[in-house]
Amino acid sequence: MRVTDYTVNDIRIRRFLPDNEQTVSRLVVAVHGFGGDKDSTCIGVLAEKLCGSGGAVYTFDLPCHGESPLPDTALNTECCMEHLCTVVRHAKEQCPQAAGGIFATSFGGYTALIAMPRLEELLGENFPLVLRAPAVNPAKTFLWIVHMKTAEQFREKGTVRCRIGKRISISYSFYEDMIAHSCMHNIDHDGLLLYGSEDNIVLRDDIEDFCRRNPRISLHIAEGVDHRPHGEALDAMVSKAVQYLDSRFAQ
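Residues numbered from 1 in each chain as written. Predicted model: local features only at pLDDT ≥ 70, side-chain atom pairs only at ≥ 80, totals over all residues. Heavy atoms only, no water.

What follows covers the overall build of the chain. For the chain, the helix and strand inventory stands at 9 helices and 10 strands. Since a compact globule built from 251 residues should have a radius of gyration of about 18 Å, the 17 Å found for the chain is in line with a globular shape. In terms of its C-alpha atoms, the chain occupies a principal-axis envelope of roughly 55 × 40 × 35 Å. Of all 251 residues assigned to the chain, the portion counted as buried reaches 55%. Residue pairs at least 24 apart in sequence account for 74% of intrachain contacts in the chain once pairs closer than 6 positions are excluded. Of the accessible surface of the chain, which amounts to about 11,000 Å², a share of 46% is contributed by carbon and sulfur atoms. (Helix = DSSP H or I, 4+ residues; strand = E, 2+ residues; numbered from the N terminus. Rg over C-alpha atoms; globule rule 2.2 N^0.38 Å. Buried < 20%, exposed > 50% of the residue type's maximum accessible area, 1.4 Å probe, protein only. Contact = heavy atoms within 4.5 Å. Areas by Shrake-Rupley, 256 points an atom, 1.4 Å probe, with all protein chains shown as cover.)

In structure tokens:
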């Protein structure tokens, strides 16, 4: 597997390609979660599996994450969606013959969901979609992450300092931004949602509510697995994702 890091429009990108120079027939843009970055172990395992059979994976640092040079104010839904869509356009330009899909985790899953109309324009209406523990109620999840009991507590404080690889200041307006951009609405798109039964960050009630509202999203629950699987549990979850992606690419 060939791995290359580079920058496009201030977006730090990591590209995974097969060892040989064969034409890439399918590509997946992978999106990490809140506090993660393009070094995601999960995305690395996904890349190993897909590149081993001739696929390509592109991932990147969301605004204010990893090596992103952007200021704290860039952490907003519009900038996150634009990062994702820029990388999708870039990947399609590099591999114009390849069918494209999305693999997105936690906050990255939320970003993909609110960007669905744009992604369907770029990848086609039936592109393969895999969501791993998507933050379908991101405002509630975010309060838990920053140890705030209520939104009112956050509003009164105004900003919180949060470490996501580096320390950044996150304003209450980011919370309001997520409230304004709900992803609970009907997603008229086939997809697979992978969720661990022991996840205490993205709550099961929210996931099940989302799937009831969006019946074209198939839910797979991995028993005994938490929000950050590792080892055999991670391998099994990623294998499930690759199996689904390959079946959709074959259609």
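Our focus in this paragraph is the side chain of H65. With respect to the helices, strands and loops of the structure, H65 is situated in the loop between β4 (56–60) and α2 (77–94). Within the structure, the side chain of H65 is placed 3.0 Å from the backbone nitrogen of G35, a separation counted as a polar contact. Engagement of the side chain of H65 in a polar contact is seen with the backbone oxygen of P63, the distance being 2.8 Å. (Polar contact = N/O pair within 3.5 Å; in protein donor to acceptor, adjacent residues only side chain to side chain.)

In this section: the sheet that holds strand β1 (residues 2–8). Ordered in space as β1-β2-β4-β3-β5-β6-β9-β10, the 8 strands form an open sheet in which the pairing is mixed. Single-partner strands in this sheet number two, and they are β1 and β10 (217–222). Each strand axis lies, on average, 20° off the axis of its neighbour in the sheet, ignoring direction. Summarising the sheet, strand β5 (residues 99–105) and strand β6 (residues 129–132) pair through 4 bridges and their orientation is parallel. Across the sheet, the residue bridging to I102 is L129, located in β6. The sheet strands contacting helix α9 (residues 231–249) are β3 (26–31), β5, β6, β9 (191–196) and β10, and the helix crosses β9 at an angle near 175°. (Pairing = 2+ DSSP bridges. Axes fitted to C-alpha atoms, helices over the stretch in contact; angles between N-to-C directions.)

Counted under the stated rule, the structure contains 9 aromatic pairs. Centre to centre, the rings of F154 and Y172 are 5.5 Å apart; their planes meet at 90°, and the pair counts as edge-to-face. Of this pair, F154 sits in helix α6 (residues 151–157) while Y172 sits in helix α7 (residues 172–180), and the two are 18 residues apart along the sequence. Neither F154 nor Y172 differs from the other in exposure class; each is buried. Ring pairing ties together the aromatic residues F34, F107, Y110, F142, F154, Y172, F174 and Y175, which thus form one cluster. (Phe/Tyr/Trp six-rings, centres within 6.5 Å; stacked < 30°, edge-to-face > 60°.)

Among the 7 residues that make up strand β2 (residues 11–17), 6 are buried, leaving the element largely enclosed by the rest of the structure. Looking at chain direction, β1 and β2 are connected through 7 bridges and run antiparallel. Paired with V3 across the bridge in β2 is F16. In textbook terms, the turn of a hairpin is the stretch between consecutive antiparallel strands, and for β1 and β2 this stretch comprises 2 residues, one of which, N9, has a positive phi near 50°. Pairing of β2 with β4, which is carried by 4 bridges, proceeds in the antiparallel orientation. Looking across to β4, one finds that F16 is bridged to V57.

This part is about the environment of A99. Looking at the secondary structure, you find A99 in strand β5. Along the chain, A99 and R26 lie 73 residues apart, while their C-alpha atoms are 4.6 Å from each other. In this structure, A99 is in contact with S25, R26, L27, K92 and F249, ignoring residues within four places of it in sequence.

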